[in-house]
Structures are given as structure tokens and as C-alpha cells.
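Analysis of the macromolecular model
Letter by letter, the chains look like this.
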Amino acid sequence: AIYINLGTLLPVYEQTVPATARACAATGKPWVLDPVGIGIGSLRTQLIEAVRENPPAILRGNASEIIAVAELWGLGNDASGDGPRGVDSTDSVDAAERAAVACARFTGGAVAVSGTTDLVTDGAQVARLSGGSPLMTCITGSGCSLGGVCAVYACVADPFVAALAATAAYNLA
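Throughout, residues of each chain are indexed from 1 in the direction in which the sequence is written. Where local features are concerned, this predicted model is filtered to residues with pLDDT of at least 70; where side-chain atom pairs are given and counted, the filter is 80 or more; whole-chain, interface and lining totals use all residues. Neither water nor hydrogens contribute to the side-chain values; these are computed over all heavy atoms in the structure.

A closer look at the packing of helix H1 (residues 13-27) against helix H2 (residues 42-50)
To obtain each axis, a line is fitted to C-alpha atoms, and for helices this fit is confined to the stretch in contact; angles are then taken between N-to-C directions over 0 to 180 degrees. Numbering of helices and strands starts at the N terminus; helices are DSSP runs of H or I of at least 4 residues and strands are runs of E of at least 2. Remark: H1 packs on H2, axes separated minimally by 9 Å, with the N-to-C direction vectors making an angle of 25°. Taken together, H1 and H2 sit at an angle that is classed as roughly parallel. In this structure, H1 crosses over H2, and the sense of that crossing is right-handed. Of the residues in H2, those in contact with Tyr-13, Glu-14, Val-17 and Pro-18 of H1 are Leu-43, Gln-46, Leu-47 and Ala-50. Should an angle fall under 35 degrees it is called roughly parallel, over 145 degrees roughly antiparallel, and 65 to 115 degrees roughly perpendicular, with every other angle called oblique. Working rule for handedness: look at the near helix, and if it is turned counterclockwise from the far one by less than a right angle, call the crossing left-handed; if clockwise, right-handed. What makes two residues a contact is simply this: any of their non-hydrogen atoms within 4.5 Å.

Digging into the nonpolar core
Take the buried residues of types Ala, Val, Leu, Ile, Met, Phe, Trp, Tyr and Cys, join any two whose side-chain atoms come within 4.5 Å, and each joined set is a nonpolar core. Think of it in three bands: residues with accessible area under 20% of the maximum for their type are buried, residues over 50% are exposed, and the middle band is partly exposed, with areas taken using a 1.4 Å probe on protein chains only. Residues Val-111 and Val-113 are the most contacted members of the largest nonpolar core, which totals 30 residues. Listed by contribution, the elements that provide at least two residues to this core are H1, strand E2 (31-34), H2, helix H3 (63-72), helix H4 (97-107) and strand E4 (110-114). Aside from chain neighbours lying at most four places away, what touches Val-111 is Leu-59, Ile-66, Ala-100, Cys-103, Ala-104, Leu-119, Val-120 and Thr-121. In this structure, Ile-58, Ala-112, Leu-146 and Ala-154 belong to the second largest nonpolar core, which totals 17 residues.

Description of the packing of aromatic side chains
Only the six-membered ring of Trp is used, alongside the rings of Phe and Tyr, when aromatic pairs are assigned; centres must lie within 6.5 Å, and planes under 30 degrees apart are stacked while those over 60 apart are edge-to-face, with the rest tilted. Here the structure, examined in full by the defined rule, presents one aromatic pair. Geometrically, the ring pair formed by Trp-73 and Phe-106 is tilted, given 5.5 Å between the ring centres and 45° between the ring planes. With Trp-73 in the loop between H3 and H4 and Phe-106 in helix H4, this residue pair connects regions lying 33 residues apart in the sequence. Residue classification places Trp-73 among the buried positions, given a relative accessible area of 2%. With a relative accessible area of 30%, Phe-106 lands in the partly exposed category.

A short note on the pairing of E4
With five of five residues buried, E4 is to be regarded as a mostly interior element. By the bridge criterion, three bridges tie E4 to strand E5 (residues 118-121) in an arrangement that is antiparallel. When the sheet's bridge partners are listed, Val-111 is paired in E5 with Thr-121. Pairing between strands is defined by DSSP: at least two bridges between the two strands are required. The loop that links E4 with its antiparallel partner E5 comprises three residues.

Structure (C-alpha cells):
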């Protein structure tokens with residue numbers, strides 16, 4: 001699997017991220033997208049728009065990021081979030097449920113929304129997972145690390161099972 005995290009961007013990503021998404025689609029390789037910082041700068045928006053035609057197997061983000069992706073992809077999810085504040089969420093996981101379901105249905109994969117209680121959906125099933133640690137909100141990169149764990153599980157399981165198992169294991173750790 002391939003994990004694409006938009007947290008730290010380089011200009012070359014303008015070509016490589018869409019090309020990677022196309023290559024994954026052509027070869028059936030699962031990939032995970034973490035839309036870190038969507039709304040910060042035009043390149044992130046451009047990249048997320050560019051991969052719409054070859055969407056990820058798993059979309060993993062905080063509530064505000066998932067709502068923003070659904071809005072950007074025009075999925076008509078009825079959710080209108082406050083938007084991300086940098087890389088932090090200003091929306092609750094519950095507020096992102098419709099957006100997550102819409103994204104999962106669109107991609108045919110899974111969406112994992114991180115928060116106090118995490119949400120994982122394939123568009124038909126919705127699971128909520130508790131656990132984790134309050135310390136996760138005090139550090140940068142805990143959600144990004146979860147994206148990598150999702151990619152590992154995506155190598156051996158369908159997207160929903162992969163996102164669910166990754167989130168459960170990550171919360172336990």
C-alpha cells in the first residue's frame with residue numbers, strides 16, 4: 001500500500017501525487033490519503049481535487065478535514081463544518097458522520113475519522129471506537145501515524161476491515 005500525507009508538501013507533489021493515485025488505480029494497489037491541513041494553501045486543494053478520479057482505499061483525517069474533502073469533491077453531504085484550523089479539527093466526529101459516509105460511498109473504500117471517539121465507515125456500516133489517550137490531542141502527528149498504520153493493514157484486508165483494525169490497534173497502543 002501507499003500512504004500519502006499532505007502535511008508537508010513539496011512542489012514536485014503537483015505531479016507525483018496524481019500520478020501515484022493513477023498508478024495505484026491501474027495496478028489495484030490500495031492507498032491511503034491523509035488530507036492534513038486541507039484549506040491551507042492552494043496546492044493541498046489542487047491535489048485533493050486531482051485524486052478525486054482515482055480515490056484512495058482509505059481516507060483518514062480529523063472531522064474538519066473529512067467534511068472539507070466531502071465539500072471539495074461535491075458529495076452533497078449536508079454537513080457544513082467550521083473548517084480546519086491549521087491541522088486541528090474545529091468540528092466533532094459526530095458532525096462529520098454524513099461527510100464520512102458520503103466519502104466512503106464515493107470512493108468504494110473506507111473513511112476513518114479521528115477524535116475522542118473515532119468513527120470508521122465503508123458507507124454502509126459505521127463503527128465507533130473509543131480508547132486512545134487524551135495525550136493524542138497534545139501532540140502533532142498522532143493522526144498522521146494512524147494513517148501509516150491504516151496503510152499497513154490495507155495490504156492484507158479490505159479497506160473497512162483495515163481502517164477498523166488499524167484504529168483499534170492504534171487506540172490500544
